[in-house]
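# Structure assessment
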Amino acid sequence: MDLMEKLEETKAYIESKLGGRKPVIGLVLGSGLGDMADELEDSVIIDYHEIPHFPVSTVPGHKGRLVIGKLEGKMVLCMQGRFHFYEGYSMEEVVYPIRTMKILGIRSLFLTNAAGCVNTGWKPGDLMLISDHIKLIADNPLRGRNPEGLGERFFDMTNAYDKKLLSTAEKAADNKGISVRKGVYMLFTGPSFETAAEVRFARIAGADAVGMSTVPEAIAASHMRMHTLGISCLTNMAAGILDQPLNHEEVLETGERVKTTFSLLVREIVRIWPEELL
Ligand code: HPA
């Protein structure tokens, strides 16, 4: 069965559960930020393991389900838990849910993640709008035969993080009196955190944050000409900046500490999301 046929089966299954709901924004919730899905109104929940052709999440702190419901008056399809390359999935598997969103008719994508802070002028708990990314590793979700039904073989990445959505996010932050950063996210494969030397390298290369997700999804979304916004919750100073080892608990704790602010910001962004991008 080819990719398009699989996607059609996935779509048919999800649509059979939606009771006529038509999601317009796909929202991917990163480590420690998953609670937001519980705020959706009139929601339908679909576990990943019941969806035909979906991979299954394995990380502690990640639930693995779709929650579809209303947020600030807009129908949102939320991924509570995502798939990571470091779990052993191929890049193609990592982006399968994003392709599913597109096939369901969703044109706008809102990616969130937890990331390490490389910029020494910033601090843990800061929220960073992703202006661009650097994909250090060689793999790419579009490597291989191009799925022509989804997009072109060669495609532009200069607006991968939609400029209009970046200003929407800045406006939303301003409306709510939340301060946000804007910067470049660099992908590492994980699951090992970076070395101190890798973090120095990332800084010299122009990165403000390092993380293990988001980039494959943003690439697949660009391929399909979706409008993407990305926000990183900078949960910890990246390796080697402070004189202390990194651990996953710190990532989850910071996520917990900022979740109210984060949720306020996400809601306001969704509320004022430009109609023409939906
Ligand atoms: N590095 C990579 N990924 C991360 C980090 C980090 O320091 N913190 C949260 N996700």
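Residues numbered from 1 in each chain as written. Predicted model: local features only at pLDDT ≥ 70, side-chain atom pairs only at ≥ 80, totals over all residues. Heavy atoms only, no water.

As recorded in an unreviewed UniProt entry, the chain goes by the name Purine nucleoside phosphorylase, listed as coming from Candidatus Ornithospirochaeta stercoravium. Quoted verbatim from the Pathway (unreviewed entry) field of UniProt, the annotation for the chain is "Purine metabolism; purine nucleoside salvage." (UniProt positions renumbered as here; feature names shortened; annotations may be inferred.)

## So, the site of the ligand
Taken together, Ala 114, Ala 115, Gly 116, Phe 193, Glu 194, Val 210, Gly 211, Met 212, Thr 235, Asn 236, Leu 246 and Val 251 are the residues near the ligand. Separating a nitrogen atom of the ligand from a backbone N or O atom of Gly 116 is a distance of 3.4 Å. At 2.8 Å from a nitrogen atom of the ligand is found a side-chain nitrogen or oxygen belonging to Glu 194. Relative to its free-state accessible area of 260 Å², the ligand is covered by the protein chains to the extent of 95%. Sorting elements by how many residues they give to the shell around the ligand places strand 5 (residues 108-117) first, with 3 residues. For the shell around the ligand, the class distribution of residues is 7 nonpolar, 4 polar and 1 charged. (Near = heavy atom within 4 Å. Polar contact = N/O pair within 3.5 Å; in protein donor to acceptor, adjacent residues only side chain to side chain. Areas by Shrake-Rupley, 256 points an atom, 1.4 Å probe, with all protein chains shown as cover. Helix = DSSP H or I, 4+ residues; strand = E, 2+ residues; numbered from the N terminus. Nonpolar A, V, L, I, M, F, W, Y, C, P; charged D, E, K, R; others polar.)

## Topic: the side chain of Thr 168
When you line up the elements, Thr 168 lands in helix 4 (residues 163-176). Assessed through its relative accessible area of 8%, Thr 168 is described here as buried. Discounting chain neighbours no more than four positions away, the residues touching Thr 168 are Ile 269, Ile 272, Trp 273 and Pro 274. (Buried < 20%, exposed > 50% of the residue type's maximum accessible area, 1.4 Å probe, protein only. Contact = heavy atoms within 4.5 Å.)

## Some details on the side chain of Glu 268
Summarising the element assignment, Glu 268 is placed in helix 7 (residues 248-271). In this structure Glu 268 comes out as buried when scored by relative accessible area, which is 5%. Side chain to side chain, Glu 268 and Asn 175 meet in a polar contact 2.8 Å long. When neighbours within four sequence positions are excluded, Glu 268 is seen to be in contact with Ala 172, Asn 175 and Lys 176.

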